[in-house]
Every structure is written in C-alpha cells, then in structure tokens.
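What the coordinates show
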Amino acid sequence: MLCVYASRFLHSRASIQSFKRLTRAMSSTSNYQYETLSVTSNRDHVLHVQLNRPDKLNAINRIFWHEVLDCFRKIKDDKDCRVAVISGNGRMFSAGLDFLRHARSHLQNSWQ
C-alpha cells in the first residue's frame, strides 16, 4: 500500500513540476512575438530563437534588424533565461542580406 501511495505522490509531483515548467515557458515566450523570428522554450532557462523566413532562406531584411534588437534586449532583461540558442528555420541558417528587397527600394527612390 505504501508503494502505491508513493508512486501516486511522485507521479503527481512530476505532473505539477511539468505543469509549472510549461506555464513558465508559455508565459516567458508570450513576450516574444515577431514576424521574422520564432522564440520558443522547451527547457527551463533556455530560449530558442529561430530566424523564421524559410521561404526566403532566412534572408535578413529591415524588419529582422528591428526585431532581433528588440528580442535580445528582452532576453537580456529576462530573469528566467540563462541561455539563448540561435538557429535558422528551414534548410539553411541564412542566405545573408535580402538584396531583392533593398534593390526594390533603391530603384524606386532613383526613379522619383
């Protein structure tokens, strides 16, 4: 009987810890909503920042620069985060600058 009680106690304790970890991860990543980045947390104290433009091979545009600065300023102040892992969504980390986007804006400015 004692073994059954101990098993239930450990199971419920593990469930409570899992729930706390899940709610902590959900609350901490809700502050990180971006168009070009995806921020998730699968472990305590770890944020996974992903470049999230796989259709453009994660090419870096103007929006990205604003979002990445905002994201890492928030991470710097996030007391729950100890590690930030950076990766690219899709088949490559990044193709570099989004020249097509920059070229369009420069061409439009030169015709005006």
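Refer to the structure presented above.
Note that the coordinates shown come from a computational prediction; the quantities given were computed from them, not determined experimentally. (Residues numbered from 1 in each chain as written. Predicted model: local features only at pLDDT ≥ 70, side-chain atom pairs only at ≥ 80, totals over all residues. Heavy atoms only, no water.)

**A few points about the pairing of strand E2 (residues 46-51)**
As judged from the 5 bridges shared by strand E1 (residues 37-43) and E2, these two strands associate in the antiparallel manner. Bridging across to E2, Leu37 finds its partner in Leu51. Turn length for the E1-E2 hairpin, with the two strands adjacent in sequence and antiparallel, is 2 residues, and the turn residue His45 shows positive phi of about 65 degrees. Taken together, the 6 bridges between E2 and strand E3 (residues 83-88) define a ladder with parallel strand orientation. Counterpart to His48 in the pairing with E3 is Val85. (Pairing = 2+ DSSP bridges. Helix = DSSP H or I, 4+ residues; strand = E, 2+ residues; numbered from the N terminus.)

**Quick look at the packing of aromatic side chains**
Tallying each qualifying case throughout the model produces 1 aromatic pair. Ring plane angle 70 degrees and centroid distance 5.4 Å describe the contact between Phe64 and Trp65, whose orientation is recorded as edge-to-face. With a relative accessible area of 44%, Trp65 lands in the partly exposed category. (Phe/Tyr/Trp six-rings, centres within 6.5 Å; stacked < 30°, edge-to-face > 60°. Buried < 20%, exposed > 50% of the residue type's maximum accessible area, 1.4 Å probe, protein only.)

**Notes on the environment of Asn89**
Position of Asn89 among the secondary structure elements: in the loop between E3 and helix H3 (99-110). Each C-alpha atom, one on Asn89 and one on Arg53, is 7.0 Å from the other, the two residues being 36 residues apart in sequence. Here the side chain of Asn89 touches Asn52 through a polar contact of 2.7 Å, side chain to side chain. (Polar contact = N/O pair within 3.5 Å; in protein donor to acceptor, adjacent residues only side chain to side chain.)

**Focus on empty space enclosed by the protein**
Here the structure, examined in full by the defined rule, presents 2 cavities of 30 Å³ or more. If you trace the second largest cavity, you find it lined by Thr36, Leu51, Asn52, Arg53, Asn58, Ala59, Ile60 and Phe64. (1 Å grid on protein atoms, 1.4 Å probe; cavity = no way out; pocket = protein on both sides within 12 Å on 5 of 7 lines; lining within 4 Å. Points joined across faces, edges and corners; volume = space filled by probe spheres on them.)

**Quick look at the pattern of salt bridges**
What the rule picks out here adds up to 2 salt bridges. Between Lys74 and Asp70 there is a salt bridge whose closest N-O contact spans 3.4 Å. Note that Lys74 and Asp70 are positioned in helix H2 (residues 62-77) at a spacing of 4 residues, about one turn of the helix. Since its relative accessible area comes to 30%, Asp70 is described here as partly exposed. (Salt bridge = Lys/Arg side-chain N within 4 Å of Asp/Glu carboxyl O.)

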